[in-house]
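# A closer look at the structure
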Amino acid sequence: MDRNPNPTPLKRSISGGGSGSIIHEKYQLGQILGRGSFAKVYRAKSLINNSDVAIKVIEKPVASDPTAESLLVREVSAMKRLNDHPNILNIHEVLATRSKIYLVMELAEGGEMFSQITKRGKMGESLGRKYFQELILALRFCHSNGVTHRDLKPQNLLLDKSGRLKVSDFGLSALPEQVRDGLLYTACGTPSYTAPEVVRRSGYDGAKADMFSCGVILFVFLSGVLPYNDANLGELYKRVYRRDFVFPEWVSKGARNVIFKLLDPNPNTRMTMEGLIGTSWFKKGLKVESEVDKLGVLLGKEDCKGDVSVNAFDIISMSSGLDLSGLFEAELGRKERRFTSRASMKDVEERVEKVSGELGYKVEKGKGREMGLVKGKMVLLVRILELVAKMGLLMVEMKVVSGGDELDKGDGDQLEALKLGLGDIAVSWHTNDVAINA
């Protein structure tokens, strides 16, 4: 990995959480951008390539709270599925010390959409439609990957430095494994933006609930105010069920039609994603050869990742103090080694085969990018996995899968021999706590 030729001088790696702190000798925290119930978000500078990022800093004692832990696991698990879309805030990596967790994310220079609306009021219809199109195409990508957001509102829509909308804050999102009988049952979200069926607690379709929230957001974009706003939640939802709102006179007939159908209190007759995308109002000004179309989002194509693909967060092992089972892998034992590589898939395969042969292993190809290395009773499994698609970063796992207790003494030596033989093809080797640069 190429390093910054003029990096900020480092005296030591500081694990503190405040401005100026240096995290794992990779990032330096700058000004604080925001505070939440469980975390602080800082602007930060990469000491590797001098790029700007945002880092969410979470105290592990706080994150050990069941509520905070659930939000964290859900946020990272959802975002790791969605890292390839231009209108979804990317998460780059997860770092950890014994006392803190750091989520390193894309920096949205333009800030919250909510702040823009508060300062400027309503948008013109062309601009409002542009942002709405970006929101819908991002949401289409979420739904196609089994993720429903469940807390869509202008506060969770960010803008990058070029003015592109970015959907963020997936702490209340729902993943496929949370669905029972095709429905969700957790009541969550922000009342003025939440679909009425969500608060009934009788089960709801997360995708249909997201569409209701989009209707509220479009109303806010074009009018500068909420369609429903009442401190008394009972009165609020009475108005929601009656569709008791008034369009400002400047909202066009096409936009009114879309909003009215999205704010249908009955989820079974509410406008669907496909119905919305098919309207002439939505399609106006949408580039057919846009970036999202090339990703296959608008046309409903399959996700464009390879056959064997995992996200970078699958390789992070957390130190004790926070149970993230199912999201992060278990600690590495003596019988496992993992490394990341910038080399091509072919080069990694050839190097593994060459080194294995020199060490006396017979190489047997398995499914996908798996190889079995056999020497006597010793069997090693080598898996080559693509991390986030298109990043040009691979992860290689080497694990002793057979050999018997009598081979335990030599397991570590065999893996270390492979590690030495692979040499500079590895960018970093991963231990239980952090990635160690090779």
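Residues numbered from 1 in each chain as written. Predicted model: local features only at pLDDT ≥ 70, side-chain atom pairs only at ≥ 80, totals over all residues. Heavy atoms only, no water.

## Quick word on the packing of aromatic side chains
For any pair of aromatic rings, the description rests on two quantities: the centre-to-centre distance and the angle between the ring planes. According to the stated counting rule, one finds 7 aromatic pairs in the structure shown. With 6.4 Å between their ring centres and 75 degrees between their planes, Phe132 and Phe282 make a pair best called edge-to-face. On the criterion of sequence distance, the pair formed by Phe132 in helix H4 (residues 125–144) and Phe282 in helix H10 (residues 280–283) is long-range, its members being 150 residues apart. Both rings, one in Tyr228 and one in Phe245, keep their centres 5.6 Å apart while their planes meet at 90 degrees; by these two values the pair is edge-to-face. Here Phe245 lies in the loop between helix H7 (233–242) and helix H8 (253–262) and Tyr228 lies in the loop between helix H6 (206–223) and H7, a separation of 17 residues in the sequence. Phe245 matches Tyr228 in its accessibility class, with the two residues each being buried. Ring pairs connect the aromatic residues Phe219, Tyr228, Phe245 and Phe247, which therefore count as one cluster. Above the face of the Phe260 ring, Arg243 is positioned so that its terminal group lies 3.9 Å from the ring centre. Residue placement shows Lys375 over the ring face of Tyr361; its charged tip is 4.6 Å from the ring centre. (Phe/Tyr/Trp six-rings, centres within 6.5 Å; stacked < 30°, edge-to-face > 60°. Helix = DSSP H or I, 4+ residues; strand = E, 2+ residues; numbered from the N terminus. Buried < 20%, exposed > 50% of the residue type's maximum accessible area, 1.4 Å probe, protein only. Lys NZ or Arg CZ within 6 Å of the ring centre and 35° of its normal.)

## Notes on the nonpolar core
Membership of the largest hydrophobic core comes to 73 residues, with the highest contact counts inside it found for Met113, Phe132, Leu135, Ile136, Phe170 and Phe221. Per-element tally for this core: the top contributor is H6, with 11 residues. When sequence neighbours within four positions are dropped, the list of residues in contact with Phe132 reads Cys214, Leu218, Phe221, Leu262, Leu276, Trp281 and Phe282. Ranked by size, the runner-up nonpolar core spans 20 residues in total, among them Phe339, Val382, Leu415 and Ile425. (Core = buried A, V, L, I, M, F, W, Y, C linked by side-chain atoms within 4.5 Å. Contact = heavy atoms within 4.5 Å.)

## A look at the sheet that holds strand E9 (residues 165–167)
If you walk across this open sheet you meet the 3 strands as E7-E8-E9, and the pairing is antiparallel. Edge positions in the sheet fall to strand E7 (111–112) and E9, since each of these pairs with one other strand and no more. Here 3 bridges tie strand E8 (residues 157–159) to E9, and the two strands are oriented antiparallel to one another. Residue pairing for E9: Leu159 is matched across the bridge by Leu165. (Pairing = 2+ DSSP bridges.)

## As for the environment of Lys399
Following the sequence through the fold, Lys399 ends up in strand E14 (residues 394–402). Take Lys399: its relative accessible area is 40%, and that puts it in the partly exposed class. A C-alpha to C-alpha distance of 4.4 Å links Lys399 and Glu336, two positions 63 residues apart in sequence.

## Here we look at the packing of H4 against H6
Where H4 meets H6, the axes come as close as 10 Å, and the angle between the chain directions of the two elements is 165 degrees. Classified by the interaxial angle, the pair formed by H4 and H6 is roughly antiparallel. When the axes of H4 and H6 are compared, the crossing they make is right-handed. Across from Glu125, Gly128, Tyr131, Phe132, Leu135, Ile136, Leu139 and His143 in H4, the residues of H6 making contact are Ala207, Asp210, Met211, Cys214, Ile217, Leu218, Phe221 and Leu222. Along the lines of polarity and charge, the residues of the contact of H4 with H6 split into 12 nonpolar, 2 polar and 2 charged. (Axes fitted to C-alpha atoms, helices over the stretch in contact; angles between N-to-C directions. Parallel < 35°, antiparallel > 145°, perpendicular 65-115°, else oblique. Left-handed = near helix turned anticlockwise from the far one by under 90°. Nonpolar A, V, L, I, M, F, W, Y, C, P; charged D, E, K, R; others polar.)

## Examining the pairing of strand E2 (residues 27–35)
Of the pairings in the sheet, the one linking strand E1 (residues 22–23) to E2 comprises 2 bridges and is antiparallel in character. Considered in E2, the bridge of Ile23 is made with Tyr27. Count of turn residues in the E1/E2 antiparallel hairpin: 3 residues, of which His24 carries a positive phi of about 50 degrees. Sheet topology note: the E2/strand E3 (residues 40–46) ladder contains 6 bridges and is antiparallel.

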